[in-house]
Amino acid sequence: MSDPLDLQGLAHLCEHIMLPLNKQYCDGNYFDTYILQNDGSTNASTGLDYTNFYFDINAEILEEALDKFVHCFLKPKFIDSIIEQEIEAIHCEFEDNLLNDDWRLEQFDKSSANTKHPYSFFNIGNRESLETIPRIKKIDVRQELINFYNKWYSANIMSLCVLGKENIDKLEKIISKLFIKVKNKNIEAPKWIEHPFNEEHFQYKWYIVPIYNTRQLSVTFPIPDIDEYYRSCPTIYLSYLFGHEGKGSLISVLREKNLCTSLNCGKSQPGKGFAFFSFEILLTEKGIDYIDEIIELIFQYINMLKKVGPTQWIFNEYVSMQTMNFNNPNFFLPISHVREVAHDMQEYPIEEILSAPYFLTKWEPNLINLIIHYLKPQNIRVKIMAQDFENITTEVEPWYKIKFEKLKIPENIIEQWNNAGDNCNFKLPDKNELIPFEIALKLDTTSVFLNF
């Protein structure tokens, strides 16, 4: 979201050209070629407020690989031919995404936001945003890349995770020697306090035509940035209940009425400073005709949660399961682990990097009530995706050419949701007596050992 308005996708382009060629290793050998020749792999990704570079390699040459890696960030050469090549690579990614309904829906959400907010930008980029528009507006793409690198690639907002066979002291010595060369430009990481959606973006339905024959309902509410409350994370408590599938759950009632097949929900945070809470529901053929009724059921479930209030034993159940997951981790690929840890280093204190994503240590019911307060009809955004809408759409999203129709939700429907009342079919899940609160081997003192 730090792209210039007239050069959207610049951060993604900068990511693409950082690794291949650098001044120290300028013999024409690309970094990724070197990695592949030594039994490794490398990749990178650019989100809305971060870029993540990662690789793995034969453990015997880790130090040499890190040396090559760090030089990619010291004095990168923004060569015109490389820039042109990577714009084409990005355009190919974009063309692949044209047939992906998840990517399309994500960009549609951004395109429907406040156009003055950088969340609305086209952060992936394509040939039009990175080549055609800059040429028309006489923008020097190479110079803008240099400006972007000089501003944002600063040691004080970068994080690094390295996993190797060496002991911790040896790894620290290697890393300190190599990465001390990365300049600290004392830049402050951006934060977007203003929400990308305001009153003019609420209480609307968007009817969207997908590529594939799918029927999906998305219900979204704006919520504040609650990252500082990661030790209690109230949205996890709510997701745990909304996602419950037992008797008395939201999805059990929806399935009983043959309105949906699956339901996912939770917090998403595209950038620091704002967040959303969303319900993603896959609909049945019948469900596509009962959108208002489905949303009314959501509000009835919310009303049930308000009535019973935050319940600590439910929080404790979740904590117990996460504690088990932390103490008995599934197998993970090292490259995935370092990528995730490097990202988490931007989110949590250094002493909690490994545990914070798992452990909730504070029970703060007031924060749960705060988030529930934002889940109200006045703040609702509704997106319905189905090929059934092909003949009713009159508008087109600019980047993915998504056909859609935008309609204001009638006041009487908003009022109906405001007065959704109670539903006797909804209740909290029963206590799960099978969740252990302690896992440890115990000595069987009753056993008898016989010598023969």
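Residues numbered from 1 in each chain as written. Predicted model: local features only at pLDDT ≥ 70, side-chain atom pairs only at ≥ 80, totals over all residues. Heavy atoms only, no water.

Caption draft 1: Representation of the overall build of the chain within the structure. A count of helices and strands for the chain gives 15 helices and nine strands. Structurally, the chain occupies a C-alpha span of about 85 × 70 × 40 Å along its principal axes. Counting all 452 residues of the chain, 48% fall into the buried class. Contacts in the chain between residues at least 24 apart in sequence constitute 81% of all its contacts with a sequence separation of at least 6. For the chain, the accessible area works out to roughly 23900 Å², and carbon and sulfur atoms hold 51% of it. (Helix = DSSP H or I, 4+ residues; strand = E, 2+ residues; numbered from the N terminus. Buried < 20%, exposed > 50% of the residue type's maximum accessible area, 1.4 Å probe, protein only. Contact = heavy atoms within 4.5 Å. Areas by Shrake-Rupley, 256 points an atom, 1.4 Å probe, with all protein chains shown as cover.)

Caption draft 2: Fine view of the sheet that holds strand β3 (residues 204–208). Sheet architecture is open: seven strands sit in the order β5-β6-β4-β7-β3-β9-β8, paired in mixed fashion. Looking at which strands have only one partner, the edges of the open sheet turn out to be β5 (260–271) and β8 (395–396). Across nine bridges, the pairing between β5 and strand β6 (residues 274–283) is antiparallel. Opposite glycine 266, over in β6, you have serine 278 as the bridge partner. Its contacts with the sheet place helix α5 (residues 101–111) against β3, β4 (216–224), β6, β7 (381–385) and β9 (403–408), and it is angled at close to 150° to β7. (Pairing = 2+ DSSP bridges. Axes fitted to C-alpha atoms, helices over the stretch in contact; angles between N-to-C directions.)

Caption draft 3: Structural view of the environment of tyrosine 240. As for its placement among the helices and strands, tyrosine 240 is situated in helix α9 (residues 234–242). Overall, the relative accessible area of 23% leaves tyrosine 240 in the partly exposed class. Considered as a pair, tyrosine 240 and tyrosine 318 are 78 residues apart in the sequence and their alpha carbons are 7.9 Å apart. For tyrosine 240, the residues in contact, after removing those within four places along its chain, are Ile314, Glu317, Tyr318 and Met321. Reaching out from tyrosine 240, the side chain makes a polar contact with the side chain of glutamate 317 at a distance of 3.4 Å. (Polar contact = N/O pair within 3.5 Å; in protein donor to acceptor, adjacent residues only side chain to side chain.)

Caption draft 4: The confidence of the model for the chain, seen in detail. Residues at a pLDDT of 70 or more form 94% of the chain, whose mean pLDDT is 92. Every residue in residues 21–28 is under pLDDT 50, and counting partners more than four places away or in other chains gives 14 contacts. (pLDDT = per-residue confidence, 0-100.)

Caption draft 5: Just the nonpolar core, in detail. One finds Leu217, Leu238, Phe242, Leu250, Ile295, Leu305 and Ile380 to be the most contacted residues of the largest nonpolar core, which totals 56 residues. Looking at this core element by element, the count peaks at 10 residues for helix α11 (residues 291–308). Among all residues touching isoleucine 380, those that are not within four sequence positions of it are Phe202, Gln203, Tyr204, Val219, Thr220, Phe221, Ile295, Phe299, Ile409, Ile414 and Trp417. (Core = buried A, V, L, I, M, F, W, Y, C linked by side-chain atoms within 4.5 Å.)

Caption draft 6: Region of interest: the pattern of salt bridges. If you walk through the whole model with that rule in mind, you get 17 salt bridges. With a shortest N-O distance of 2.8 Å, lysine 177 and glutamate 63 are connected by a salt bridge. With lysine 177 in helix α8 (residues 168–179) and glutamate 63 in helix α3 (residues 62–71), this pair connects stretches of sequence that are 114 residues apart. When salt bridges that share partners are traced, they join Asp49, Lys272 and Glu347 into one network. (Salt bridge = Lys/Arg side-chain N within 4 Å of Asp/Glu carboxyl O.)

Caption draft 7: Summary view of the state of the cysteines. Evaluated as defined, the whole model comprises zero disulfides. In this structure cysteine 265 is not part of a disulfide, and its nearest cysteine sulfur, from cysteine 260, lies 12 Å away. (Disulfide = S-S within 2.5 Å.)

Caption draft 8: Broad picture of a nonpolar patch on the surface. Taken together, the side chains of Leu99, Ile211 and Tyr212 define a hydrophobic patch exposed on the protein surface, amounting to about 300 Å² of accessible area. Residue placement: leucine 99 occurs in the loop between α4 (80–97) and α5. Judged by its relative accessible area of 51%, leucine 99 is exposed. (Patch = residues over 30% accessible without salt bridge, like charges linked within 9 Å, V, L, I, M, F, W, Y side chains within 5 Å.)

Caption draft 9: Highlighting the pairing of strand β2 (residues 51–56). Note that strand β1 (residues 41–46) and β2 share six bridges and pair antiparallel. Pairing of asparagine 43 across the sheet is with tyrosine 54, part of β2. Counting the residues between successive antiparallel strands, the hairpin from β1 to β2 contains four residues.

Caption draft 10: The arrangement of the packing of helix α1 (residues 10–18) against α4 in detail. Relative orientation of the contacting elements α1 and α4 amounts to 120°, with a least axis distance of 9 Å. Overall, the two elements α1 and α4 adopt an arrangement that is oblique. Viewed along their axes, α1 and α4 form a crossing whose handedness is right-handed. Residues His12, Leu13, His16 and Ile17 of α1 form the contact with α4, whose own contacting residues are Ile82, Ile83, Glu86, Ile87, Ala89, Ile90 and Glu93. Partitioning the contact of α1 with α4 into residue classes produces seven nonpolar, two polar and two charged. (Parallel < 35°, antiparallel > 145°, perpendicular 65-115°, else oblique. Left-handed = near helix turned anticlockwise from the far one by under 90°. Nonpolar A, V, L, I, M, F, W, Y, C, P; charged D, E, K, R; others polar.)

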